[in-house]
Amino acid sequence: MALSIDEVAQVALLARLRLSPAELETFTGQLNSIVEFVAQLQELDTTNVEPLAHGVEVRNVFREDVRGPSLAREAALSNAPKRNTDSFLVPAVLE
């Protein structure tokens, strides 16, 4: 399935891209190469291939969740723009 210049121009219009005729030629060739490659991939037999979210194993590395000393209340409130004796004061979000 090859894309025509008119189809690429329509996609560019939908994407709100202003392309010159030379750019349309270039992008049409590039997009056709991509479509041909995807067509080759669709010909592969993938019946015994397990679906993956990533090509390589991805895992998060978390540090140990250890309880430590907390910040003193006075130190936590020391740079607050508005506060009372033991908490931050913030503008009301509900009327």
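Looking at an unreviewed UniProt entry, one finds the chain named Aspartyl/glutamyl-tRNA(Asn/Gln) amidotransferase subunit C and attributed to Singulisphaera acidiphila. Note on the chain: under the UniProt heading Subunit (unreviewed entry), the record states "Heterotrimer of A, B and C subunits." The Sequence similarities (unreviewed entry) comment attached to the chain in UniProt states, word for word, "Belongs to the GatC family."

Draft legend 1. Representation of the side chain of threonine 28 within the structure. Note on placement: threonine 28 falls in helix H2 (residues 21-42). Threonine 28 gets classed as buried once you look at its relative accessible area, which sits at 7%. If near-sequence neighbours (up to four positions away) are discounted, threonine 28 is found in contact with Leu3, Ser4, Ile5 and Val8.

Draft legend 2. Molecular detail of the packing of helix H1 (residues 5-14) against H2. Two elements in contact, H1 and H2, have axes separated by 9 Å at closest approach and are oriented at 100 degrees. Classified by the angle their axes make, H1 and H2 are roughly perpendicular. Taken together, the residues of H2 that come into contact with H1 (itself represented by Ile5, Val8 and Ala9) are Leu24, Glu25, Phe27, Thr28 and Leu31. Broken down by class, the residue content of the contact of H1 with H2 amounts to 6 nonpolar, 1 polar and 1 charged.

Draft legend 3. Inspection of the side chain of asparagine 32 at higher detail. Residue placement: asparagine 32 occurs in helix H2. When near neighbours in sequence (up to four residues on either side) are disregarded, asparagine 32 contacts Met1, Ala2 and Leu3.

Cut-offs used in this document
- Residues numbered from 1 in each chain as written.
- Predicted model: local features only at pLDDT ≥ 70, side-chain atom pairs only at ≥ 80, totals over all residues.
- Heavy atoms only, no water.
- UniProt positions renumbered as here; feature names shortened; annotations may be inferred.
- Helix = DSSP H or I, 4+ residues; strand = E, 2+ residues; numbered from the N terminus.
- Buried < 20%, exposed > 50% of the residue type's maximum accessible area, 1.4 Å probe, protein only.
- Contact = heavy atoms within 4.5 Å.
- Axes fitted to C-alpha atoms, helices over the stretch in contact; angles between N-to-C directions.
- Parallel < 35°, antiparallel > 145°, perpendicular 65-115°, else oblique.
- Nonpolar A, V, L, I, M, F, W, Y, C, P; charged D, E, K, R; others polar.

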